[in-house]
Amino acid sequence: MKIIPVTCAIIIHQGKVLLAQRSEVMDLPGKWEFPGGKVEMGEDPKACLIREIGEELGIQILIKTELTPVDFDYPTKKIRLIPFVADWTGGEIILAEHAQVGWYDQNQLFLLDLAPADIPIVHELTEKWVNLVAPNQR
Ligand SMILES: Nc1nc2c([nH]c(=O)n2[C@@H]2O[C@H](COP(=O)(O)OP(=O)(O)OP(=O)(O)O)[C@@H](O)[C@H]2O)c(=O)[nH]1
C-alpha cells in the first residue's frame, strides 16, 4: 500500500500547544490531533502545512523546526505523519472542519484521546518541551 504523506503543525503560543479534535465528518472522529493534512502531488511539505492551517484554522504560521516523522498503518491506509513546530503569526482561529481546539501544556497532552499516529510525536514533544515550548512563554 502506498504511503500517504501528511503534515501536521505543533503550534506554540504562550507556553502551550494547540490540539484539535476531529469532527464527525472527518476520519477518526473524536480523536485529537495536530492540525494539518495530506501533501498534494509535487507539493513542498512546509507549503502544504501553511496551506492546510490556513484552510482548517484560518491563521498564519511560521514554521520553525521539524520533529521526527511517524509511519503508521491504519486498517485502510498507511500514512507518514510529518510534524513541524510553528509559531502563530497572524489571524484569528475560525474552525472549518474540527469540532474544537484547545491549548494544552505538557502534563495535559496524554489526557486527550490522541490519534494513534500522534502518540510518538507527543512523546518527542514532551521530551523536548523545555527547548521547544518554554522559550515561547514570554
Ligand atoms: N492532519 C492530521 N492528520 C492526521 C494526524 N494524525 C493522523 O493519524 N492523521 C490522519 O492522517 C490523514 C490526514 O487526513 P486529513 O483529513 O487531515 O487530510 P486532508 O485535510 O488533506 O483531507 P482530505 O483530502 O481527506 O479531505 C487522516 O487519515 C488522519 O486521520 C494529525 O495529527 N494531523
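Because the structure is predicted, anything quoted here is derived from the model rather than measured.

Visitor: Mind laying out the confidence of the model for the protein chain, listing which residues take part and the relevant values?
Guide: Averaged over every residue, the pLDDT of the protein chain is 96; residues scoring 70 or more account for 98%. This prediction of the complex comes with two scores: 0.95 for pTM and 0.93 for ipTM.

Visitor: Mind laying out the environment of Val101, listing which residues take part and the relevant values?
Guide: Among the structural elements, Val101 can be located in strand β8 (residues 100–104). Not counting the four nearest positions on each side in its chain, Val101 is found in contact with Leu18, Leu19, Ala20, Trp32, Leu57, Ile93 and Leu95.

Visitor: Which residues make up the nonpolar core, and what values go with them?
Guide: The biggest cluster of nonpolar side chains holds 27 residues, and the ones touching the most others in it are Ile10, Val17, Leu19, Phe34, Leu109 and Leu125. Elements supplying a minimum of two residues to this core: β1 (3–13), β2 (16–21), β7 (78–90), α2 (119–127) and α3 (129–132). The dominant element in this core, judged by the number of residues it contributes, is β1, at five residues. Not counting residues up to four positions away in its chain, the partners in contact with Leu109 are Val17, Leu19, Tyr104, Leu114, Val122, Leu125, Thr126 and Trp129. The next biggest cluster of nonpolar side chains, apart from the first, holds twelve residues, and it includes Ala9, Leu18, Leu49 and Ile59.

What counts, and where the lines are drawn
Residues numbered from 1 in each chain as written. Predicted model: local features only at pLDDT ≥ 70, side-chain atom pairs only at ≥ 80, totals over all residues. Heavy atoms only, no water. pLDDT = per-residue confidence, 0-100. Helix = DSSP H or I, 4+ residues; strand = E, 2+ residues; numbered from the N terminus. Contact = heavy atoms within 4.5 Å. Core = buried A, V, L, I, M, F, W, Y, C linked by side-chain atoms within 4.5 Å. Buried < 20%, exposed > 50% of the residue type's maximum accessible area, 1.4 Å probe, protein only.

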